[in-house]
Amino acid sequence: MARFTVDTHLFRELGELLVGRDSTALIELIKNSYDADATEVIVHGGNLDDQKRGRIVILDNGTGMTRERFVSGFLRVASRLKDRGTRRSSVYRRRYTGVKGIGRLAAHKLARRLEVSSIHRGETGDGPARELSAVLDWDAIEAYETLDEMPDDVVSVIESTVNGSTSAGTALTLSNLRRPWTPKERNRFFGEVQQFQTPDFVHKPLPTSVVPEPVLFERPILRDIGGNGALRADGGFEVLLEGEFASGDEYWDAIAEMAAWVIEIRADAEADTDTVHFAIAPTRRTRARNPDARGYATAIPHPDPERGPYFDARILVREGQVKGKGARQRRTWVTKRSGVRVYLEGFRVLPYGDDDWLSIDTDYAFRPRQLEMLKDSPLAEEMEDADPDEGLVRLPHVNYFGGVFLTQERAPTLRVLVNREGFVPEAAYDTLVRLVRTGVDLCTRVRAASNLKERLRRREERRHAREETAGDGEGTTTDIVTARDDRTSLPDLIASAGESISEARLLVGQGDFRAAQPKMTSAVQVMEEAKDRADRVISEGALFRVLASVGTQMAAFAHEMNALLGAAQTLRDGLKSILDDGSLPPSQRRRMRLAWAAAVDLTQWIERHASYLVDVVTPDARRRRSRQYAADRFDAAFRLVRHSAERRDIQIENRISARLKTLPMFPAELTTVFANLLTNAVKAAGQDGRIEASAASDSRVLRIRVQNTGAAVDLDDAERWFEPFESTTEDVDPALGQGMGLGLTITRRILDYYGISVGFVAPHPPYCTAIEMVFPK
């Protein structure tokens, strides 16, 4: 008879490897306390930089565990214990947050040893007390190959009767940490743990100092609690972080006071099965500054009433910079905690909020004039006083603070990924993104309408200033157009034409047709120029789509390259062993040495390109934006061109300080930028040439310069090399190929997204050409 067996390696797969972050692992253990009807959890961390002395303790006042529950629930992998019955806790009837029965294995990710001490006083909490003590030594467990081989005494479980009035609860002690944590890892971990719950101002009634009355609701529905059969009213749930987990100064109240607008969304399956309500309201602060600011409320049919999801959302919008006493410290704190987070049963679902899951920053960077999410919705033409240029007042995601609140009952079709980070990207998730982003775009529309009069007034002032500068007469329109040069971007051209049209519309409304005519003439001329640019962009875009397809294939090819590298290394080592054997005659030995040298070169070539592909196309290279060490990214790009540079005896020197960091970017983006610049520099430097990368930093900007000897670029005509299909090379390099004329175009596109300027500058002797990038701090 054959049967399944389970390798103890499973614990590592489901614990240490499956759970992505240490903070996620800790939060899973805290959720167990919530499921046990705890009202208070204390989480204490100590000596986390010491692998042996480090301790993490999680102490709660929940109902505790009996031996039976510990064995059938805690010790059973993928236990069905929480799937039985109504899936609610015994006292407060809370909806269980655990689903897959593997959350407790998160302890495996954090430490090698887990001690459990639990006191149970019956389901009501007032019965006779029994104490459970258990020890799980993961190393001892995994010393056995399969669970069948493991004797019963490897996991120590003792239950005894406790005298007196000892309170129920559970204490988990994690020791013998998996690794010592560096200060950077601890800071990231602390930040994530401190934010796993919603701040009060997001889920409690907003203070009247922010808004005079509720916007759409007083409190969002945070958790599914108090079901039928609850023994008593829910006492709430509070987590206290102590020891090295304790947080410093917090400024949540300051965020609420700085808010300019409030967005609230409610999609309620019980009250309105097919309706999603939106409400936008200015805060008292905004009303005082702008008397034209008005609130706005509307509703649309739910796009998928059968599957949902249904949820509540509250988002606060900040305009302008953080100012006042301690502004720099508060600005850093606020930026780290900005974004629209997602909470399921009151617990945060990572990584939403840290990333741009609503594509707010994407649209902010490109600034389309229209709000795409509203274009095809029932709200497209709802506001009569909407600003035609409403898309220009978008804000980046760091100006939004708040949360989307989901419960298991209201959003059953949203499935959490098995590693507990994010939802499965299917229809329900897409609907959630669309509805929340609709609320954000509605707020942008309301903000734009409220500021329209002020914007028109400023435009009129600028118009008068230009006319006074240009003087009276017919030269005004010509001066406006000819003042532009070929470097004006297509969006800027369209924006300029739109501004002229808006000014003309205003003048026509005032009955001044004569003054409106030159404005319309200017708009027509600018749009003709924009059309020419657009034709070029369309051609460029078609090739970019082809290149994107090639890039997709390259991502898959990264695995093939690694396999090819292994084969080349095997060939190299095999030839070397034959050479070292000494049995070959001299003539064959010379041929074998040549073959071995070719195999060494081949291995190094594959190794360089495989390393570059890993830096550019693997998920880690584009999973999250972070501040990049510029010198490291330059070295990653250098590996790609090293062989070509060595063949030409070109010296490449990296003089960028190892401590300098850029603003948050994807690692792949900066590596690609440096690769494009180095590829051009190697082609231009010539035989025995030199290439140098250097950097300079002050309080405002970081400047990175790449200079090379050889061919010089005419600075008066330098901008044309950033145009698509303008290549500086005609010769075909065996390794680097012939330029397509898109390297610098792609480089500028990448950098423009972050507000980084790039262009040719005067080189420092003895170099002939220099390109400089200016990164804002």
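Just above sits the structure.
Scoring rules and cut-offs
- Here the residue index of a chain counts from 1 through its sequence in written order.
- Local features in a predicted model are, by the rule used here, given only for residues with pLDDT of at least 70; side-chain atom pairs are given and counted only at 80 or more, and totals for whole chains, interfaces and linings are based on all residues.
- Working from all heavy atoms in the structure, the side-chain values ignore hydrogens and water.
- Only DSSP runs of H or I covering at least 4 residues are called helices, and only runs of E covering at least 2 are called strands; the numbering of each starts at the N terminus.
- Should any heavy atoms of two residues lie within 4.5 Å, those residues are considered in contact.
- A 3.5 Å cut-off defines polar contacts: any pair of N or O atoms within that distance qualifies, except that in protein one atom must be a possible hydrogen donor and the other a possible acceptor, and neighbouring residues in sequence count only when both atoms are side-chain atoms.
- Only strands joined by at least two bridges in the DSSP assignment are considered to pair.
- Every axis corresponds to a line fitted to the C-alpha atoms, with the helix fit spanning only the stretch in contact, and the corresponding angles, defined between N-to-C directions, vary from 0 to 180 degrees.
- Exposure is judged per residue with a 1.4 Å probe applied to protein chains only, and the accessible area is read against the type maximum: over 50% gives exposed, under 20% gives buried, and values in between give partly exposed.
- Centres within 6.5 Å are what make two rings of Phe, Tyr or Trp a pair, Trp counting through its six-membered ring; a difference in plane orientation under 30 degrees is then read as stacked, over 60 as edge-to-face, and the rest as tilted.
- When the NZ atom of lysine or the CZ atom of arginine is within 6 Å of a ring's centre and also within 35 degrees of its normal, the charge is said to sit over that ring.
- Criterion for a salt bridge: a side-chain nitrogen of Lys or Arg within 4 Å of a carboxyl oxygen of Asp or Glu.

Chemist: Which parts of the structure should I look at to understand the environment of Ser 626?
Modeler: Turning to its location among the elements, Ser 626 is positioned in strand β15 (residues 626-629). Contacts of Ser 626, omitting those with residues within four sequence positions, involve Leu 663, Pro 664 and Met 665. At 2.9 Å, the side chain of Ser 626 and the side chain of Gln 628 are in polar contact.

Chemist: Hey, could you run me through the sheet that holds strand β10 (residues 296-301) in this one?
Modeler: Strand pairing in a sheet takes place through backbone hydrogen bonds and is either antiparallel or parallel in direction. The sheet built from 7 strands is open, its strands ordered β10-β9-β8-β11-β14-β12-β13 with mixed pairing. The sheet terminates laterally at β10 and β13 (347-348), the two strands that pair on one side only. In terms of strand pairing, strand β8 (residues 261-267) meets strand β11 (residues 311-317) through 7 bridges, oriented antiparallel. Residue Arg 266 lies in a different strand from β11, and its bridge partner there is Asp 312. Contacts from helix α13 (residues 427-450) reach β8, β9 (275-282), β10, β11 and β14 (400-406) within the one sheet, and its direction differs from that of β8 by about 145°.

Chemist: How do you make sense of the sheet that holds strand β4 (residues 130-137) when you look at a structure like this?
Modeler: The strand order across the open sheet built from 7 strands is β5-β4-β3-β6-β2-β1-β7, with neighbouring strands paired in mixed fashion. Of all strands in the sheet, those bounded by a partner on one side alone are β5 (156-161) and β7 (238-243). Taken over all neighbouring pairs, the strand axes of this sheet differ in orientation by 10° on average, direction set aside. Of the strand pairs in this sheet, strand β1 (residues 40-46) and β7 are connected by 6 bridges, and their pairing is parallel. Across the sheet, residue Ile 42 finds its bridge partner in β7, namely Leu 240. Across the sheet, helix α2 (residues 22-35) is in contact with β1, β2 (55-60), β6 (169-177) and β7; its angle to β2 comes to roughly 20°.

Chemist: Got a minute to help me understand the environment of Tyr 92 in this structure?
Modeler: When you line up the elements, Tyr 92 lands in the loop between α3 (67-74) and α4 (106-110). Judged by its relative accessible area of 8%, Tyr 92 falls in the buried class. Each C-alpha atom of the pair Tyr 92 and Gly 235 lies 8.2 Å from the other, and the pair is 143 residues apart in sequence.

Chemist: Is there a simple way to explain the packing of aromatic side chains in this structure?
Modeler: Aromatic rings considered in pairs are described by the distance between their centres and by the relative angle of their planes. Tallying each qualifying case throughout the model produces 10 aromatic pairs. Taking 5.4 Å as the distance between ring centres and 80° as the angle between the ring planes, the aromatic pair formed by Phe 634 and Phe 674 counts as edge-to-face. Residue Phe 634 is located in helix α19 (residues 630-647), and its partner Phe 674 is located in helix α20 (residues 667-685); the two are separated by 40 residues in the primary sequence. For Phe 634, a relative accessible area of 1% puts it in the buried group. Note that Arg 223 overlies the ring of Phe 347, its terminal NZ or CZ placed 5.2 Å from the centroid. Sitting over the face of the ring of Phe 722, Arg 748 holds its NZ or CZ atom 3.9 Å from the ring centroid.

Chemist: Help me understand the side chain of Asp 441 in this model?
Modeler: Tracing the sequence through the fold places Asp 441 in helix α13. Excluding anything up to four places from it in sequence, Asp 441 contacts Leu 371, Glu 372, Met 373, Leu 374 and Arg 394.

Chemist: What should I look at first to understand the environment of Thr 603 in this one?
Modeler: Along the polypeptide, Thr 603 turns up in helix α18 (residues 586-617). Taking the relative accessible area as the measure of exposure, Thr 603 reaches 1% and is therefore buried. The sequence separation of Thr 603 and Thr 570 amounts to 33 residues, and the corresponding C-alpha distance is 9.4 Å.

Chemist: Please clarify how the pattern of salt bridges should be interpreted in this entry.
Modeler: When the charged atoms of two side chains with opposite charge come close together, those side chains can pair. Following the criterion strictly, the structure yields 27 salt bridges and no others. One salt bridge in this structure joins Arg 113 and Glu 115, with 3.3 Å as the shortest N-O distance. Overall, the relative accessible area of 29% leaves Arg 113 in the partly exposed class. Residue classification places Glu 115 among the partly exposed positions, given a relative accessible area of 31%. With a closest N to O distance of 2.8 Å, Glu 264 and Arg 314 form a salt bridge. Linking Glu 264 in strand β8 with Arg 314 in strand β11, this pair joins segments that are 50 residues apart in sequence. You'll find Glu 264 and Arg 314 in the same group, each marked buried. A single salt-bridge network, built from bridges that share partners, covers Arg 88, Arg 95, Asp 224 and Glu 409.

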